[in-house]
Amino acid sequence: MSDASRRLVLHLRDERPLYSIPDWAVAEIRAALPDGWTLTDVQEPADGRGDGGGDSPGARAARDAVRGAEVYVGFGVPADLFEAATSGPDARLRWAHTGSAGVGGSLHDAIRASSVVLTNAAGLYAEPMADTVLAMMLHFARGLDFAVRAQAERRWDKAPFDAADTPVRELSESTVGIVGLGGIGRAVARRAVALGMRVVATRRGGTDGPEGVEVFRGADALHRILPRSDYLVVAVPQTDATTALIGARELAMLPEGAVVVNVARGAVIDEDALTDALRGGRLRGAGLDVFAREPLPEESPLWGLPNVLVLPHVSGASHRFWRRQTDLIIENLRRYAAGKPLLNTVDKQAGY
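Residues numbered from 1 in each chain as written. Predicted model: local features only at pLDDT ≥ 70, side-chain atom pairs only at ≥ 80, totals over all residues. Heavy atoms only, no water.

Visitor: How should the overall build of the protein be read in this particular structure?
Guide: Secondary structure assignment for the protein yields twelve helices and twelve strands. Radius of gyration (C-alpha) of the protein: 22 Å, near the 20 Å computed for a compact globule of 352 residues. Principal-axis analysis of the C-alpha atoms places the extent of the protein at approximately 75 × 45 × 35 Å. The buried share of the protein, taken over its 352 residues, is 52%. For the protein, the share of sequence-separated contacts (at least 6 apart) that also reach a separation of at least 24 residues comes to 66%. When the accessible surface of the protein is totalled, it reaches about 16,400 Å², and 51% of it is carbon and sulfur. One finds the centroid of the 40 positive side-chain charges in the protein at a distance of 4 Å from the centroid of its 45 negative side-chain charges. (Helix = DSSP H or I, 4+ residues; strand = E, 2+ residues; numbered from the N terminus. Rg over C-alpha atoms; globule rule 2.2 N^0.38 Å. Buried < 20%, exposed > 50% of the residue type's maximum accessible area, 1.4 Å probe, protein only. Contact = heavy atoms within 4.5 Å. Areas by Shrake-Rupley, 256 points an atom, 1.4 Å probe, with all protein chains shown as cover. Lys, Arg positive; Asp, Glu negative; His and termini not counted. Charge placed at Lys NZ, Arg CZ, Asp CG, Glu CD.)

Structural data, given as structure tokens:
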């Protein structure tokens, strides 16, 4: 294969302005290409919602462009695009990068069975998502839910704050339990420790957590942290092992008055069990950015529960996203050209 035939395809012009790759980022990636390489920037819209991998207005243009390309960078790697990139006499795809953190839409049978390296954007959303988690915890800790409801009704109401059994508390008197001490979990942990909170967390493997975090591993790790978690932050990727990880049994193990925060994937929590627990009054509330079905259906009872804060899957929104994404792509281009292991390589069998 001659250098002149080597090509990278970008399909990152998302319909949402914040997630559409800016021209400066395209220029930096093009400038970072090894000598002899070319870049194809697909102009037709991509769709980076969720885990990527779905159809988009520009799907056909991306399939045409990826034929003969060695590297593909998009939002997800749909099965039909992967087939176009890996079939025929010109097929030479070696590396695919998805600009999403989740990879569920990309892990079809064909890519799992192939030698194509898949990388993702895990960790790039961690800082803004951790800020959102902190905001959700403060929303319930400081009674902002009471204030928002009273404001909507034009009521000056101090009663929920003055009551002897008020749930309004200081964060520093609480423990946060983090399910999944990856990039997001670690960013949450750093903020919680800085605010004087006690932090316990589960971690499947890897290194220990930040200073001040008590880490639990093994089959019983989740059940060991639940009774201590005044705030339960769910930040694990969705896999076969984590689907419905938090059900009625787990929710019942939380302390009375606990708050559940989910910025992982909706299917990691049994929504029916969570709804029942919230209605039953044992839980203080829930801050939810992700749901089993998105958009959240109009008929979902979660909309109407006064102790639920609903966000439309936006916890990762940040103007700094493209700086982080571009830096990762360029660093991996350098590694790829040098034959070194790539950052954020996905374990295609484990699912993340």
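Visitor: What should I look at first to understand the packing of helix α1 (residues 23–32) against helix α12 (residues 321–338) in this one?
Guide: The description of two packed helices rests on the angle between their axes and on the distance between the axes. One can describe the packing of α1 onto α12 by two numbers: an axis separation of 10 Å at closest approach and a directional angle of 10 degrees. Put simply, α1 runs roughly parallel to α12. Across from Trp24, Ala25, Glu28, Ile29 and Ala32 in α1, the residues of α12 making contact are Trp322, Arg323, Thr326, Ile329, Ile330 and Leu333. (Axes fitted to C-alpha atoms, helices over the stretch in contact; angles between N-to-C directions. Parallel < 35°, antiparallel > 145°, perpendicular 65-115°, else oblique.)

Visitor: It is not clear to me how the pattern of salt bridges should be interpreted in this structure. Could you clarify?
Guide: Working definition: two side chains of opposite charge can pair if their charged atoms are close together. This structure, assessed with the given rule, holds 19 salt bridges. Among the salt bridges present, the one from glutamate 15 reaches arginine 49, with a minimum N-O distance of 3.7 Å. With glutamate 15 in the loop between β1 (7–11) and α1 and arginine 49 in the loop between β2 (38–41) and α2 (59–66), this pair connects stretches of sequence that are 34 residues apart. With relative accessibility at 43%, the residue glutamate 15 sits in the partly exposed group. Among the salt bridges present, the one from arginine 191 reaches aspartate 131, with a minimum N-O distance of 2.8 Å. Linking arginine 191 in helix α8 (residues 183–194) with aspartate 131 in helix α5 (residues 126–141), this pair joins segments that are 60 residues apart in sequence. Owing to a relative accessible area of 18%, arginine 191 belongs among the buried residues under this scheme. Each of Glu127, Asp131, Arg190 and Arg191 takes part in salt bridges that share partners, so that together they form one network. (Salt bridge = Lys/Arg side-chain N within 4 Å of Asp/Glu carboxyl O.)

Visitor: What am I meant to see in the sheet that holds strand β5 (residues 117–119) here?
Guide: The strands that make up a sheet pair up through hydrogen bonds in the backbone, lying either parallel or antiparallel. The five strands lie next to each other as β2-β1-β3-β4-β5, forming an open sheet whose pairing is parallel. The strands lining the two open edges of the sheet, one partner per strand, are β2 and β5. Shown here is a sheet whose adjacent strand axes are inclined to one another by a mean of 15 degrees, direction ignored. Against the sheet, α12 engages β1, β3 (71–74), β4 (95–98) and β5, with an angle of about 170 degrees to β4. (Pairing = 2+ DSSP bridges.)

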